[in-house]
Amino acid sequence: MHMEKKKIDTQKLINHLNGKWGQVKCPLCNHGQWNISDTVYELREYNDGNMVIGNVPIVPVVPVTCMNCGNTVLVNALLSGAVTQPKKVNENEKEGGDE
Ligand SMILES: [Zn+2]
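Criteria and thresholds
Residues numbered from 1 in each chain as written. Predicted model: local features only at pLDDT ≥ 70, side-chain atom pairs only at ≥ 80, totals over all residues. Helix = DSSP H or I, 4+ residues; strand = E, 2+ residues; numbered from the N terminus. Buried ≥ 20, exposed ≤ 12 C-beta atoms within 10 Å, placed from the backbone. Contact = placed C-beta atoms within 7 Å. Core = buried A, V, L, I, M, F, W, Y, C linked by C-beta atoms within 7 Å.

### Quick word on the overall build of the chain
Alright, step 1. Per the secondary structure count, the chain includes one helix and four strands.
Alright, step 2. Going from the N terminus to the C terminus, the chain shows its helices and strands as α-β-β-β-β.
Alright, step 3. For the chain, the residues scored as buried account for 9% of the 99 residues in total.
Alright, step 4. Restricting to contacts in the chain with at least 6 residues of sequence separation, those with at least 24 account for 53%.

In structure tokens, the structure reads:
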């Protein structure tokens, strides 16, 4: 067991959101103050309530929360640059490997 916690690149995420969202306001309450989590969470496929260990696809997300009403937007951590893709996954980039 290792306790090392993966720190996310918050600045990169902020830059990404500034570029894509600009000064967007919360769609629910129309306030514009967001809090970006410094922790990555993951979404995993539901499997009849069983915890599946091993090679299952997960979606890494960073919660961005409206500070007024609590509306929480989950931003993909890879797409936004908050974390970088692990090296071993790069095999998927090879062409024609799936047929
Ligand atoms: Zn809100």
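### Let's talk about the environment of P27
Alright, step 1. Considering the arrangement of structural elements, one finds P27 in the loop between α1 (10-20) and β1 (34-36).
Alright, step 2. Measuring from C-alpha to C-alpha, the distance between P27 and C66 comes to 9.6 Å, with 39 residues separating the pair along the chain.

### As for unusual backbone geometry
Alright, step 1. Positive phi, close to 70 degrees, is recorded for N30, a residue that is not glycine.
Alright, step 2. Along the chain, N30 turns up in the loop between α1 and β1.
Alright, step 3. Unusually for a residue other than glycine, D48 sits at a positive phi of about 55 degrees.
Alright, step 4. Tracing the backbone through its elements, the reader meets D48 in the loop between β2 (41-44) and β3 (58-66).
Alright, step 5. The exposure class of D48 is exposed, given the 5 C-beta atoms found within 10 Å.

### Points about the nonpolar core
Proteins that are soluble and globular tend to have nonpolar side chains buried together.
Alright, step 1. Listed in full, the six residues of the largest apolar core are I8, L13, V61, V62, A77 and A82.
Alright, step 2. Not counting chain neighbours up to four residues away, the residues in contact with V62 comprise I8, L13, I36, S37, V40, V75, A77, S80 and A82.

### Some remarks on the environment of A82
Alright, step 1. Considering the arrangement of structural elements, one finds A82 in the segment after β4 (72-76).
Alright, step 2. For the pair A82 and K12, spaced 70 residues apart in sequence, the C-alpha to C-alpha distance is 6.0 Å.
Alright, step 3. In contact with A82, not counting residues within four places along its chain, are I8, D9, K12, L13, V40, V62 and A77.

### As for the environment of V59
Alright, step 1. If you trace the backbone, V59 turns up in strand β3.
Alright, step 2. Owing to 14 C-beta atoms within 10 Å, V59 belongs among the partly exposed residues under this scheme.
Alright, step 3. In sequence terms V59 and Y41 are 18 residues apart; their C-alpha atoms lie 8.3 Å from each other.
Alright, step 4. Ignoring anything within four residues of it in the chain, the contact list for V59 reads E42, L43 and N76.

This is a description of form; function is not addressed.
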